[in-house]
Amino acid sequence: MVKELYAKRIGKNKMKRTERIDRVDLMHTFVRIVESGSLSAAARLLETTQATVSRRLQSLEALLGVKLILRTTHAMKLTDDGERCFQHARRLLSAWSTLEDEVSHAGDEPVGTLRVRAPHAFGQEQLLAPLTRFLSQHPQLSVEWMLNDKNVDFLSANIDCAIRVGAEIDPSTVSVLLAEVPRSVVIAPALLAHSPAVTGPQQLAALPWVALSTFYQHSISLTDTAGAVEQVTIAPRLYTDSLYVARSTALQGLGAVIISSWAVAEDVREGRLVRLLPDWEPAPLPVHLVYPWARYYPARLRAFLQMMREAVPGITGMRLPATGA
């Protein structure tokens, strides 16, 4: 009799635990639907099917006894109850994440998966060595390393943090200045030999150009060692958002280019490119680690931020910001 009662009690506890897990899962799915804007987008983020996402939404609505989302063929809208549920669900999920992180794992050892977006050039070259060391130091951690030069929507893209180079920073996010990237004006020797002599910034306007369109398109700004600033209008032959395309076409003699100094350092040493007006420099590009505001940040994000603060200024081609931040 005692064994039967004990077994029933254990069974009830297991069922209650399962219900709690299910409810957390339902809330998580609902939040992903709202943040991503559709059931199909939420399904992709959650790596499941749209039918499963729809079923979870219906289960949450049945559990709460209210309609949360009004859907048509082309649109989705939260009801008033849905809006209240969304705000509560986000707070509850944040609290649950905090509890799991603090209770399930001893100390501040990073665990789980950190989702990071990085620029193509830095992400596949400059940052790989510190990333590899970071992962070797934390065997319970995984990183999704996604390369993309566009601005990130943390909610819809399901990203924990992003490394941004030279971009304007969204004030609604946390932005940590890690380093800056010096840039140079370079040109192929053969093209320079057939171009008008360049002895000052304004003479750069007569050259053909390749524009790294993420940072400049129709004009460039240079500063000399005394702090004087010159604005020069240019007429590029090619616009590109790829650092590699800009470097390659400059090597082929298509035009002069302003580019991160690290990307062409070897070319300059070997004489494949010539640096123009070394006393006049384009403004360096700031490197930020950006992540959304939250009441609590998991150990994996805190550890990654600390690693980036320490490692990035020492990476070849980067330096501490002039402000010392």
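Residues numbered from 1 in each chain as written. Predicted model: local features only at pLDDT ≥ 70, side-chain atom pairs only at ≥ 80, totals over all residues. Heavy atoms only, no water.

Caption draft 1: Representation of the overall build of the chain. A tally of helices and strands in the chain yields 11 helices and 15 strands. A buried classification covers 42% of the 325 residues belonging to the chain. Put simply, the chain shows about 18,000 Å² of open surface, and 53% of that area lies on carbon and sulfur atoms. (Helix = DSSP H or I, 4+ residues; strand = E, 2+ residues; numbered from the N terminus. Buried < 20%, exposed > 50% of the residue type's maximum accessible area, 1.4 Å probe, protein only. Areas by Shrake-Rupley, 256 points an atom, 1.4 Å probe, with all protein chains shown as cover.)

Caption draft 2: Representation of the packing of helix α2 (residues 39–46) against helix α3 (residues 50–64) in the model. Interhelical geometry of α2 versus α3 gives an angle of 110 degrees and a closest axis separation of 8 Å. As judged from the angle between their axes, α2 and α3 are roughly perpendicular. On α3, the residues touching L39, S40, A42, A43 and L46 of α2 are Q50, V53, S54 and R56. (Axes fitted to C-alpha atoms, helices over the stretch in contact; angles between N-to-C directions. Parallel < 35°, antiparallel > 145°, perpendicular 65-115°, else oblique. Contact = heavy atoms within 4.5 Å.)

Caption draft 3: The sheet that holds strand β6 (residues 173–181), seen in detail. Here five strands make up an open sheet; going across it, the order is β4-β3-β5-β15-β6 and the pairing mixed. Each edge of the open sheet is held by one strand with a lone partner, namely β4 (141–147) and β6. Within this sheet the neighbouring strands show an average axis-to-axis angle of 20 degrees, counted without direction. As defined by bridge partners, strand β3 (residues 112–118) adjoins strand β5 (residues 161–165) across two bridges and the pair is classed as parallel. Of the residues in β5, the one forming a bridge with V116 is C161. (Pairing = 2+ DSSP bridges.)

Caption draft 4: Looking closely at helix α10 (residues 261–269). Those residues of α10 lying buried are S261, W262, A263, V264 and D267. Contacts made by the buried residues of α10 are with α5 (120–126), β6, β7 (183–187), α9 (243–251) and β12 (257–260). Just past α10, the residue G271 takes up positive phi, approximately 80 degrees.

Caption draft 5: Layout of the nonpolar core. Membership of the largest hydrophobic core comes to 62 residues, with the highest contact counts inside it found for I163, L204, W209, Y216, F304 and V312. Top contributing element to this core by residue count: helix α11 (residues 299–311), with seven residues. Leave out the neighbours within four places in its chain, and V312 touches L127, L178, A179, V287 and M318. Counting 20 residues, the second-largest nonpolar core is a separate cluster that includes F30, L39, C85 and A89. (Core = buried A, V, L, I, M, F, W, Y, C linked by side-chain atoms within 4.5 Å.)

Caption draft 6: The arrangement of the pattern of salt bridges in detail. By the definition in use, this model includes 10 salt bridges. Between D81 and R84 there is a salt bridge whose closest N-O contact spans 2.4 Å. Linking D81 with R84, this pair stays in helix α4 (residues 80–103), spanning three residues, or about one helical turn. The exposure class of D81 is partly exposed, given its relative accessible area of 31%. R84 gets classed as partly exposed once you look at its relative accessible area, which sits at 48%. When salt bridges with common partners are traced through the structure, they connect R247, E266, D267 and R272 into a single cluster. (Salt bridge = Lys/Arg side-chain N within 4 Å of Asp/Glu carboxyl O.)

Caption draft 7: Just the side chain of S184, in detail. Looking at where S184 falls in the secondary structure, it is placed in strand β7. Overall, S184 belongs to the buried group, its relative accessible area being 7%. A distance of 2.7 Å separates the side chain of S184 from the side chain of S261, its partner in a polar contact. The contacts of S184, once residues within four sequence positions are left out, are V257, I258, I259, S261, R275 and P282. (Polar contact = N/O pair within 3.5 Å; in protein donor to acceptor, adjacent residues only side chain to side chain.)

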